[in-house]
Amino acid sequence: MISGIRHCCEERYTCMIQILEIRKEKRGRLLAVTDKAGIFPVYEREAAAFRLEEGAVLSDSEWDRFCSDILRKRVIRRAMYLLQRADRTEYQLRQKLIQDQYPGFLVDAAVDYVKSYHYIDDLRYASSYIRLHQSEKSRMQLKLALQNRGVSRAVIDQALEDTYEDHEDEQIRLFLLKKQYDPERTDQSQKYRIYQNLCRKGFSNSKIKQQMDLT
């Protein structure tokens, strides 16, 4: 049985799930709205086979069988398809499956499945992201980008420790070159703007001052 499939059945008696509404979408796809199991996607042929229609009531065993035979397999296939197209963090994969209208317990089942085969691994993702972008982003920018992708701080710190190579001096020099910075000729207001710009990018104050030859 799918872990969490009986989440609506804390009572000892059988949990009956009622179909409140069937919404038609494109290409034979429907969305079934229930009273206890949220919203889930279903196709017309499946709805017919399991007699899913507005007002229908599913027993616990019927709902269990529908999830096992149809929804669990589909959400796992969807997760595999998404990961084949692009590497993702666990958070990104969860968000995408939720956007596809799969109930939370089925999202959990799909994530557990792909994690068991190491198809998603946030440490691997973070390390790969750092290797790819560390020549163009500061350490702080890398951390923020990974946090926005749902990677935990502990995993980010581990990935930085394992992977990060300090390119900040070179990045600052390239930025100053692009701005045609000259410590002797650039006026104070322009120096301040450049300094603030580099600070916002996450470079350390000491390295900025050193490369700008500021005292």
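The structure presented is a predicted model; accordingly, all values stated were derived computationally and were not measured.

**Description of the nonpolar core**
The biggest cluster of nonpolar side chains holds 33 residues, and the ones touching the most others in it are Phe-40, Val-42, Leu-52, Trp-63, Phe-66, Leu-93 and Leu-97. Of all the elements in the fold, those that place two or more residues in this core are strand 1 (17-24), strand 2 (29-34), strand 3 (39-43), helix 2 (60-85), helix 3 (90-99) and helix 4 (104-116). If sequence neighbours within four positions are ignored, Leu-97 has contacts with Val-75, Arg-78, Ala-79, Leu-82, Tyr-102, Val-107 and Ala-110. Counting twelve residues, the second-largest nonpolar core is a separate cluster that includes Tyr-125, Tyr-129, Leu-142 and Ile-156.

**Remarks on the sheet that holds strand 1**
The sheet built from four strands is open, its strands ordered 3-2-1-4 with antiparallel pairing. Of all strands in the sheet, those with a lone pairing partner are strand 3 and strand 4 (57-58), marking the two edges. As paired elements, strand 1 and strand 4 share two bridges and run antiparallel to each other. Of the residues in strand 4, the one forming a bridge with Ile-17 is Leu-58. The strands touched by helix 2 are strand 1, strand 3 and strand 4; relative to strand 3, the strand with the most contacts, the crossing angle is about 70°.

Thresholds applied
- Residues numbered from 1 in each chain as written.
- Predicted model: local features only at pLDDT ≥ 70, side-chain atom pairs only at ≥ 80, totals over all residues.
- Heavy atoms only, no water.
- Core = buried A, V, L, I, M, F, W, Y, C linked by side-chain atoms within 4.5 Å.
- Buried < 20%, exposed > 50% of the residue type's maximum accessible area, 1.4 Å probe, protein only.
- Helix = DSSP H or I, 4+ residues; strand = E, 2+ residues; numbered from the N terminus.
- Contact = heavy atoms within 4.5 Å.
- Pairing = 2+ DSSP bridges.
- Axes fitted to C-alpha atoms, helices over the stretch in contact; angles between N-to-C directions.

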